[in-house]
Amino acid sequence: MGRGAGAAASLPLLAALALLAGRSPALLGAARAQLSAGGCTFDDGPGPCDYHQDLYDDFDWVHVSAQEPHYLPPEMPQGSYMVVISSDHDPGEKTRLQLPTMKENDTHCIDFSYLLYSKNGGNPGTLNILVRVNKGPLANPIWNVTGSTGKDWLRAELAVSTFWPNEYQVIFEAEVSDGRNGYIAIDDIQVLSYPCDKSPHFLRLGDVEVNAGQNATFQCIATGRDAVNNKLWLQRRNGEDIPVAQTKNINHRRFAATFKLQEVTKTDQDLYRCVTQSERGSGVSNFAQLIVREPPRPIAPPQLLGVGPTYLLIQLNANSIIGDGPIILKEVEYRMTSGTWTETHAVNAPTYKLWHLDPDTEYEIRVLLTRPGEGGTGQPGPPLITRTKCAEPMRTPKTLKIAEIQARHIAVDWESLGYNITRCHTFNVTICYHYFCGHNESKADCLDMDPKAPQHVVDRLPPYTNVSLKMILTNPEGRKESEETIIQTDEDVPGPIPAKSVKGTPFEDKIFLNWKEPVDPNGIITQYEVSYSSIQSFDPAVPVAGPPQTVSKLWNSTHHVFSHLHPGTTYQFFIRASTIKGFGPATTINVTTNISAPTLPDYEGVDASLNETATTITVLLRPAQAKGAPISAYQIVVEELHPHRTKRETGAMECYQIPVTYQTALSGGSPYYFAAQLPPGNLPEPAPFTVGDNRTYQGFWNPPLAPRKGYNIYFQAMSSVEKETKTQCVRIATKAAATEEPEVIPDPAKQTDRVVKIAGISAGILVFILLLLVVILIVKKRYITWRRNVCIRNIRRSYYSYSYYLKLAKKRKDAMGTTRQEMTHMVNAMDRSYADQSTLHAEDPLSITFMDSHNFSPRLPNDPLVPTAVLVPITDENHSATAESSRLLDVPRYLCEGTESPYQTGQLHPAIRVADLLQHINLMKTSDSYGFKEEYELSLL
C-alpha cells in the first residue's frame, strides 16, 4: 500500500470484504487479485497509474513519497499519497486529479481513502468527486466532504452504473476554503470487480419521451443496504440538480425514487442521471435522455382554391410542419374575423369546402394537427384570412361637396354609403386628385378615406393652384367613379428666395445685391423687403451694434445698391417676399465690404526731413488712419533717383506691393528697396526715423545711403485681412546727391571679407619681398666684390682726369656764379646718390667716398692708390671752388668697365664752356669713353 498506517487500516477492510463474500481471511490474497485496472497506491506517484493533472485547474496535487523526506507536520500520516496544502493557495482555487477513462460492463466498485486535517480544527477546504461521461461537461459533484475529519484516514465508495459502450472518468477535486489552513489528502484508490457494500447501485435508467408542455417523470431503481436513508437527487448534465419527488421501498434491498419535471419544453431536453450520497460514499446511475416532442404545426396557411358569396374552398397544406410526427389527426378551424365564435371540422382529405358562410364576410381559417400522446395536438397553423365574394356597387357616388378651401388643403363632404349602395360590408372610398405644378409637370395621388367619416381633408396641396378632385368607390368586385371637380387653393405666404440666387457684389463703401423670385411664390408677389445690419468689422473703430435698416422693393425689382457702408465690415442681409397673405421666410446672406487702403497724413508741401547727413536722412513718420481693417505694417521704401527715369507723381502713384530687400535690389537691378518694416505698435504717434542707420527692421536691412546718389523716400501703410491687402503710400522726403565722398561705413559682412582678403594679399606680398631681398643681397654681394677689383685699377687712371676738371672749374669760377644755384641742386642730388652707395659698401675697406677727401684722413697720404692732388687742402675760395667742381663733375670713384677714357693721365684736354657743361655731363653719363656711365647706372640702383 505504501501508506504506513493507512496500509494497516486497509487490512480489516479486505478481511471484511472476504467475509462478506463467504470467504475466510486466508483468501485475502485472492481478494486483492480481483482489483481491476484504474487503482493507484501512489508509491511511485500518479504517473505510473495513468493519473493526470487537469490542464485547466488552478494548481496541482502534491505527491508525498514514503521514500523521500517531506515537510509536513509529524501528525500527518506516513507513507505515499497525494495531498493539497491549503495554506499555499488562495481561497476558492481548485485542483483536479483525473483517473484514466474506464469502460466497465459489469458490476464494480471504486473505493478510496481520504483525509481532511487541520491542526486547530479549522476547515482546510472541500473534497469533491466528479464523474464525467463520454468526455462531456463536468456536472455537479456526486459526492463531497468539507471541514476537518481528523488525522486518520477514512474510506468511501463510489458505485458507478455506466454501461458499455459508454465510458466515464472519475475526477478528484480539492477546493481551498477561506481559512487556508490544513491539508486535503487521498490515497489507496481501488477499482473492485464486485458491488459496493456501503453505496447503492442503480439499475439502468431509461429514456423518457413526452410532448412539449407536459410533465416528465424519471424513476430511478437502486439496490443496496440501508439505501433509503441516503440523500437522493436527479442531476442534469449541465449541472442542475432536481430534488426527489417520492421514494418507495420495493424490498429490503431495493427502492425506487421518482423525479418530476413540470411542463417541459425543448429547452429541458437533456441527459439526466440519479445520484445518491452518504458519508460512506455515493452511487450514480447512467445518463438517460429526456426527449421532448414538439406537437406538429403547419408551416403554411391553407390555400384558397375557390370563393363565392357563401362558400370558401381551401387546400389544407398540412405536409410541411414544425414539430414532431407522426400525424394522427387533421382539423380545420375557422371563424369570422369580427366575431367571437369558432368551429372545428375534422378533415380526412387534402381539400375542404366551407359551406353556409355570410356574403362579404372576412374569415380566418387555420389547420390543426395532432400526434400521439397526451398533449399531442399542436398550435394552429398560420391563418388564411379571406373574404367571401361581394357584388359590384349599385351606383356612382354623388358629386363631391367642397366644405372648406385653404392654401394647402381642401375639405370635402360626401353622402353616407350603405350596404344597399356598396353591396358589400367591406369597401374602399378613395379621393384622387391631380394638378399642374409648373413647367408642364403634373402630380397625381389617391387617398383612401374612412367610409364612416362624412368628411375628409385633402392636404399637402400647393397654394394658388387648380386641383381636380374625384371620388372612387370600390369593393372586391368592381368600382364606381364620380365626376371631377376643379377647385383653386387659396394663396399663402411665399416660399424663401433661393439662397443660390442671392448674389452680393462688395465694394469699399457699398454692396450691390440682386436676387430672384421665390421658387414657390404661392400667389402673386407684392413686394420684397431687405433688412440689413453690420455684424462684425475688421476695423475695431466701426460700431456693429446698431439697429437693422430695412429697404422695401416693388414686386418687379430684384436688386438694390446699399451705399454709405463701412469698409471691411460684414453685413447680414435678410431678404423675404410677400403676398397678400404676408411675408414668407427670409433668406440670409452675409457680405463683407472690401477694405480700404489706410489714410496717410497729408505730406504735400511739407518736408518730413528732420536731419540729413551724407549717408543718412532722418524723417518724421506720422501714423496712418485705418479704413476697414487695422494697420498691419508700416514700410519705408527707398527709391534711387535716376535721370532717365520718369518722376513718380505723389498724388497718382502706385504703391510698392512687392517687398524687395536691399540685397535683392542690388542683384536684381530693382530701382527701389524696402529699408524697414515696422509693426503698427511701433508708431502710436509721430516719431522720427533715420533712413540709412545700418540696422535691420523685421528682416529688411537699412543700409547707409550712397552720398553721390539721390533718393526718394516713401512711407506706406498696409492693411491686410484674410486674402485682401490694401496699401497707401506717400513720398515724404527727397535726398539730393552729395558733392564730396564721405567716409562710407561698409557693410559689416563685406568689411570682414575685405579685411580677410587684404590680410591674405599682404602676407603673400611680404613673403615675396623677403624672398626678393634675399636674392638681391646675394647678387649685390657678388657684384660688389667684382666692382672692388675693377675700381682699384681705374682709380689710378682717373687721377689726371680729376686734376683737369678741378683746374677747369677754378678758371670758370666767375662764370659759374650765375649757375651756382642750379649746379648746387644737381651736385646735392648726385652726392645723395653716392652717399647711398657708400652706405651699401660701408663694410668694404677699399671703398672711398667723396667725404673722405674732406676729412684729411692721416692714412690717405701714405696710400699709393690715392692721387696727391686730391689730398691738397682747399681753403677760402679754393675750398668752395674745389668742392663745387667736385660735385659738379661728379668724378666716378669706381670705374667698373675696361673701356679707357679719352682723358688719360698726363694729357691736356680742351676746356668746356659753362653753357655746355650740362650737355657734357649728360654725355659723360651715357658715353663709354668718359668712364662715368657705369657709375651713373650704379647710382641709379
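Look up: the structure comes first, before these words.
Small disclaimer: the values here were computed from a predicted structure and weren't measured.

Cut-offs used in this document
Residues numbered from 1 in each chain as written. Predicted model: local features only at pLDDT ≥ 70, side-chain atom pairs only at ≥ 80, totals over all residues. Heavy atoms only, no water. Helix = DSSP H or I, 4+ residues; strand = E, 2+ residues; numbered from the N terminus. Buried < 20%, exposed > 50% of the residue type's maximum accessible area, 1.4 Å probe, protein only. Contact = heavy atoms within 4.5 Å. Areas by Shrake-Rupley, 256 points an atom, 1.4 Å probe, with all protein chains shown as cover. Salt bridge = Lys/Arg side-chain N within 4 Å of Asp/Glu carboxyl O. Patch = residues over 30% accessible without salt bridge, like charges linked within 9 Å, V, L, I, M, F, W, Y side chains within 5 Å. Pairing = 2+ DSSP bridges. Polar contact = N/O pair within 3.5 Å; in protein donor to acceptor, adjacent residues only side chain to side chain. Disulfide = S-S within 2.5 Å.

Here we look at the overall build of the chain
Turning to step 1, where the next piece is worked out: Helix and strand counts for the chain stand at 11 helices and 55 strands.
Turning to step 2, where the next piece is worked out: Counting all 941 residues of the chain, 42% fall into the buried class.
Turning to step 3, where the next piece is worked out: For the chain, the proportion of contacts with a sequence separation of at least 24, taken over those separated by at least 6, is 72%.
Turning to step 4, where the next piece is worked out: Accessible surface, the chain: about 50,100 Å² in total, of which carbon and sulfur atoms supply 52%.

Observations concerning the pattern of salt bridges
Once their charged atoms are close, side chains differing in charge can pair, the charge on each being opposite to the other.
Turning to step 1, where the next piece is worked out: In the structure shown here, the tally under the stated rule is 23 salt bridges.
Turning to step 2, where the next piece is worked out: In this structure, E508 and K726 form a salt bridge, with 3.1 Å as the shortest nitrogen-oxygen distance. In this pair, E508 sits in the loop between β39 (503–506) and β40 (511–514) while K726 sits in strand β55 (residues 724–735), placing the two residues 218 residues apart along the sequence.
Turning to step 3, where the next piece is worked out: Through salt bridges with shared partners, one network takes in R236, R237, E240 and D270.

Points about a nonpolar patch on the surface
Turning to step 1, where the next piece is worked out: A surface patch of nonpolar side chains, amounting to about 770 Å² of accessible area, comprises I761, I765, F768, I769, L770, L772, L773 and I776.
Turning to step 2, where the next piece is worked out: You can see F768 is positioned in helix α5 (residues 748–797).
Turning to step 3, where the next piece is worked out: F768 gets classed as exposed once you look at its relative accessible area, which sits at 55%.

Quick look at the sheet that holds strand β5 (residues 94–98)
Turning to step 1, where the next piece is worked out: Sheet architecture is open: five strands sit in the order β2-β5-β10-β7-β8, paired in antiparallel fashion. With partners counted over all chains shown, the strands left at the sheet margins are β2 (52–53) and β8 (143–146), one partner each.
Turning to step 2, where the next piece is worked out: Pairing of strand β7 (residues 125–133) with strand β10 (residues 168–176), which is carried by nine bridges, proceeds in the antiparallel orientation. Across the sheet, the residue bridging to R132 is Q169, located in β10.

Digging into the environment of S632
Turning to step 1, where the next piece is worked out: Examined against the element boundaries, S632 turns out to sit in strand β49 (residues 631–640).
Turning to step 2, where the next piece is worked out: Judged by its relative accessible area of 30%, S632 is partly exposed.
Turning to step 3, where the next piece is worked out: Placed 93 residues apart in sequence, S632 and T725 show a C-alpha to C-alpha distance of 9.5 Å.
Turning to step 4, where the next piece is worked out: Non-local contacts of S632, meaning those with residues more than four positions away in its chain, are made with P680, M718, S719 and S720.
Turning to step 5, where the next piece is worked out: Polar side-chain contacts of S632 include one of 2.7 Å to the backbone oxygen of M718.

Notes on the state of the cysteines
Turning to step 1, where the next piece is worked out: All told, the structure shown has six disulfides when counted by the stated rule.
Turning to step 2, where the next piece is worked out: Between C220 and C274 runs a disulfide, and the two sulfur atoms are separated by 1.3 Å. Placement of the pair is C220 in strand β14 (residues 216–223) and C274 in strand β19 (residues 271–278), with a sequence separation of 54 residues.
Turning to step 3, where the next piece is worked out: Given the relative accessible area of 1%, C274 is considered buried.
Turning to step 4, where the next piece is worked out: Paired through a disulfide, C432 and C446 show a sulfur-sulfur distance of 2.0 Å. Between C432 and C446, the S-S torsion sits near 105 degrees, and that sign places the bridge as right-handed.

Don't take any of this as a statement about function, it's just geometry.
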